[in-house]
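# Observations on chain architecture
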Amino acid sequence: MSRRVKKPLAKRGPDGARGKPARAGLGAKTGKPGAGKALAGKPGAGKPGGATPPRDAKPLRAGALSKTSRGEGTARPPRSGDKPIRFGAGPARPSRPPGEGRPRPAQPALVETRERPEAKPDAPLPTKVETVTVTADENGMRVDRFLEARFPGLSFSHIQRIVRKGELRVNGKRADSKDRLEEGQSVRIPPLKLDTPKLPGHLSEAEQKTLQTLKAMTLFEDADVLVLNKPAGLAVQGGSGTTRHIDQMLEVLRDAKGQKPRLVHRIDKETAGCLLVAKTRFAATALTGSFRHRSARKIYWALVAGVPKPKQGRISTYLAKDESEEDSIMRVAKHGDDGASHAVTYYAVVETSGQKLAWVSLKPVTGRTHQLRAHMAHIGHAIVGDPKYFNIENWQLPGGLQNRLHLLARRIVIPHPRGGVIDVSAPLPPHMLQSWNLLGLEHDRFDPIEHAPEE
C-alpha cells in the first residue's frame, strides 16, 4: 500500500498567493540552503520591499578603507614589535614605473599643461650695457639658464666669463652662474657676442669626429632628451687646464636656431655612466624641476674596500667643502657649520669577494658634490681607486685591478618632459668590467637598492 507524503505548503506572499517551495540544491552557489533562482538579482527577493542585505556585512571601523577608497588612506603607524623592513627583501612598493628598461612613448597631450612660455627667445643681443627685469616666467631660473633663454646661441664659456668677471650684476651685486633669480630683480647685462650656429654640413673634420663620438656614447635620444654614457676620465664641464669636456663637445649639436643642448646634472670626471642632457629649453626646465623636486632617481654601483656592516643602511651627514690652493675636498661637518649641507645616501651590498672587497649599490637622495665618495669613506669603506678619499692604511690593491675610481652612474629614472618615463642603464666601463670578471662578480644579479626609500 502506497503511502502519501504531505509536502509542506509554501508560505503566502504579501498578496496572499502561495509560491512554489524552493528545490533543494539551488542555493548551493550562494552558500544558503533554499536560495533559489529568484534571488539572482531580482528586487524584492527574500523580503518585501527590496533586496536582502548580506547577513555578514559589518560596519567599517574608523580608519578602515573600503574597496573603492583603498589606496587613498594613510598607512597605520608602526606598532611596538613590528619587524624593520629590509629594502632588499622584496618590493614593499613599486620600485619603478611599469615598462622598466625602455623609455615610455611620449604623450604630446601633456605639453600644453606643463610647458612654460619661453622668455623672449628672439631678443636681440645687446650692443651696449642693458638692464632688464626678471619676469614671472623667469622666476627661479639660474643666472646662466636665464641668459641662455633670453639669448639663444650664447656659448657656455661666454656666459661663464661675463659672470666670473662680474660684468653681469643682479640688483647691482655680483652673481654666480648658479644663483637663482626672483621676479622683479634687475639684471645688468654687458654687450654680448652670439656664436654662429653650426650646421652638420659645415662641420670641420674634427667636429665631425666629435659628433661621431657623441653618437657612440648615446644611450637614449629623442627630440627633447639625450642620455649619454660618459666615459671615465672625461670631464662634464671645463675648468683650469681642461680643454676637452662634454659641454664643449655639445657645441657640434647646435640646431639651425643656435640652440645648444644643455647639461641637466653633472657627474665627476672619473665617474662613468648616465649623463642627462636637455636638447630644448622646455626640456631643460622640466628636467631641472624634476631634480629639484627629487622626482629623479639615480642608482650608482661601486667597488669598495671591505664589507659594510650592516649590509644595507642609510648614511646621513652634513658635508662642507674644504678648499686649498691645490685641491678641494668634502668633509663631514656639523649642523650649523659654515657651508654645511645635509646629505643622505642609501647603500646595499650586492655581492662580496671574501672580506676584502664588496660590490655596493648606492642611491643618493640628495646631490652634494662628491657625496657618495665622501660617505663611503666616512663609514670606513672607501671606493677603490678614489684619489681623494681613499685613505686606508696598509691596504693593497688586489693584483689585476686597475687603480682607477670604481664608481658608475648605473641608472637614471626620471619623468619625461612630455609624459611617460625615461629609464636608462649604463654598462660597466672597461676597467670596472675587468675587475668584476677577475673577482667573479655577476653583474646581472638582483640589485637590492631598487626598493630603498626615496627620502
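Residues numbered from 1 in each chain as written. Predicted model: local features only at pLDDT ≥ 70, side-chain atom pairs only at ≥ 80, totals over all residues. Heavy atoms only, no water.

## A look at the overall build of the chain
Helix and strand content of the chain: eight helices and 15 strands. Put simply, 66% of the contacts in the chain that link residues at least 6 apart link residues at least 24 apart. Summed over its atoms, the accessible surface of the chain is roughly 27300 Å², and 51% of this surface lies on carbon and sulfur atoms. (Helix = DSSP H or I, 4+ residues; strand = E, 2+ residues; numbered from the N terminus. Contact = heavy atoms within 4.5 Å. Areas by Shrake-Rupley, 256 points an atom, 1.4 Å probe, with all protein chains shown as cover.)

## Concerning the nonpolar core
Residues Val227, Leu276 and Leu303 are the most contacted members of the largest nonpolar core, which totals 40 residues. Those residues within four positions of leucine 276 in sequence are excluded, and the remaining contacts are Val225, Leu226, Val227, Leu263, Val264, His265, Leu287, Phe291, Ile412 and Ile414. (Core = buried A, V, L, I, M, F, W, Y, C linked by side-chain atoms within 4.5 Å. Buried < 20%, exposed > 50% of the residue type's maximum accessible area, 1.4 Å probe, protein only.)

## Some details on helix H6 (residues 281-292)
The terminal C-alpha atoms of H6, which comprises 12 residues, lie 16 Å apart, in line with the 16 Å expected from a rise of 1.5 Å per residue. For H6, the full list of buried residues reads Arg281, Phe282, Ala283, Ala284, Ala286, Leu287, Gly289 and Ser290. Trailing H6 by a residue or two, arginine 294 shows a phi angle of about 60°, which is positive. (Expected span 1.5 Å × (residues − 1).)

## Overview of unusual backbone geometry
Here the amide bond leading from lysine 309 into proline 310 is cis, since omega sits at 0°, within 30 degrees of zero. Phi is positive for asparagine 171, which is not a glycine, with a value near 55°. Considering the arrangement of structural elements, one finds asparagine 171 in the loop between strand E2 (169-170) and strand E3 (173-174). Taking the relative accessible area as the measure of exposure, asparagine 171 reaches 45% and is therefore partly exposed. Phi at arginine 294 is positive, roughly 60°, even though this residue is not glycine. Relative to the helices and strands, arginine 294 is located in the loop between H6 and strand E9 (297-305).

## Overview of the pairing of strand E8 (residues 272-278)
For a regular strand, side chains alternate in direction, first toward one face of the sheet and then toward the other. For E8, the tally of buried residues reaches seven of seven residues, placing the bulk of the element in the interior. Of the pairings in the sheet, the one linking strand E6 (residues 225-230) to E8 comprises six bridges and is antiparallel in character. Residue valine 227 lies in a different strand from E8, and its bridge partner there is leucine 276. In this structure, strand E7 (residues 262-263) lies alongside E8, joined through two bridges in antiparallel fashion. Among the inter-strand pairings, leucine 263 is bridged to a residue of E8, identified as valine 277. (Pairing = 2+ DSSP bridges.)

## Focus on the packing of aromatic side chains
Aromatic ring pairs are described here by two measures, namely the spacing of the ring centres and the angle between the planes. Scanning all chains against the criterion turns up three aromatic pairs. Here tryptophan 301 and tryptophan 359 contribute two aromatic rings whose centre-to-centre distance is 4.9 Å and whose plane-to-plane angle is 70°, an arrangement assigned as edge-to-face. In this pair, tryptophan 301 is assigned in strand E9 and tryptophan 359 in strand E13 (residues 357-364), connecting sequence segments 58 residues apart. Both residues of the pair, tryptophan 301 and tryptophan 359, belong to the buried class. An aromatic cluster is present here, built from Trp301, Trp359 and Trp436 joined pairwise through their rings. (Phe/Tyr/Trp six-rings, centres within 6.5 Å; stacked < 30°, edge-to-face > 60°.)

## Digging into the sheet that holds E3
Ordered in space as E1-E4-E2-E3, the four strands form an open sheet in which the pairing is antiparallel. Across the chains shown, the open sheet's two edge strands, defined by having one partner strand only, are strand E1 (130-133) and E3. Pairing of E1 with strand E4 (residues 186-189) involves four bridges; the strand directions are antiparallel. By the bridge assignment, valine 132 is partnered in E4 with valine 187.

## Quick word on the pairing of strand E10 (residues 312-323)
Bridge count for E10 against strand E12 (residues 341-353) is eight bridges, and the pairing is antiparallel. Counted as the bridge partner of leucine 319 is serine 341 from E12. As paired elements, E10 and strand E11 (residues 328-333) share six bridges and run antiparallel to each other. Among the inter-strand pairings, alanine 320 is bridged to a residue of E11, identified as arginine 331. A loop of four residues connects E10 with E11, the two strands running antiparallel in sequence.

## Some thoughts on the side chain of histidine 265
Of note, histidine 265 is situated in the loop between E7 and E8. Given a relative accessible area of 6%, histidine 265 falls into the buried group. A polar contact is formed between the side chain of histidine 265 and the backbone nitrogen of leucine 276, at a distance of 2.9 Å. When residues no more than four places from it in sequence are discounted, the contact partners of histidine 265 are Cys274, Leu275, Leu276, Phe291, Lys298 and Ile412. (Polar contact = N/O pair within 3.5 Å; in protein donor to acceptor, adjacent residues only side chain to side chain.)

## Details of the UniProt feature "active site" (unreviewed entry) in the chain
The feature "active site" (unreviewed entry), as given by UniProt, occupies Asp268 in the numbering adopted here. Within the secondary structure, aspartate 268 is located in the loop between E7 and E8. Judged by relative accessible area, which is 21%, aspartate 268 ranks as partly exposed. With residues near it in sequence (within four places) discarded, aspartate 268 still touches Lys230, His370 and Arg373. (UniProt positions renumbered as here; feature names shortened; annotations may be inferred.)

## Digging into the environment of glutamine 371
With respect to the helices, strands and loops of the structure, glutamine 371 is situated in helix H7 (residues 371-378). A relative accessible area of 3% places glutamine 371 in the buried class. In sequence terms glutamine 371 and leucine 319 are 52 residues apart; their C-alpha atoms lie 7.9 Å from each other. Residues in contact with glutamine 371, not counting those within four places in the same chain, are Leu319, Ala343, Val344, Thr345, Pro364, Val365 and Thr366. For glutamine 371, the side chain forms a polar contact with the side chain of threonine 345, separated by 2.8 Å.

## Re helix H4 (residues 205-217)
For H4, built from 13 residues, the straight-helix expectation of 18 Å at 1.5 Å per residue is met to within 8% by its first-to-last C-alpha distance of 19 Å. Along H4, the residues classified as buried are Glu207, Thr210, Leu211, Leu214 and Met217. Buried positions in H4, seen along its axis, are confined to an arc of 125° and lie on one side of it. Turned more than 90 degrees away from the buried face of H4, the exposed residues are Glu205, Lys209, Gln212 and Ala216. On the buried face of H4, the contacting elements are strand E5 (218-221), E6 and helix H5 (246-249). (Arc of directions from axis to C-beta.)

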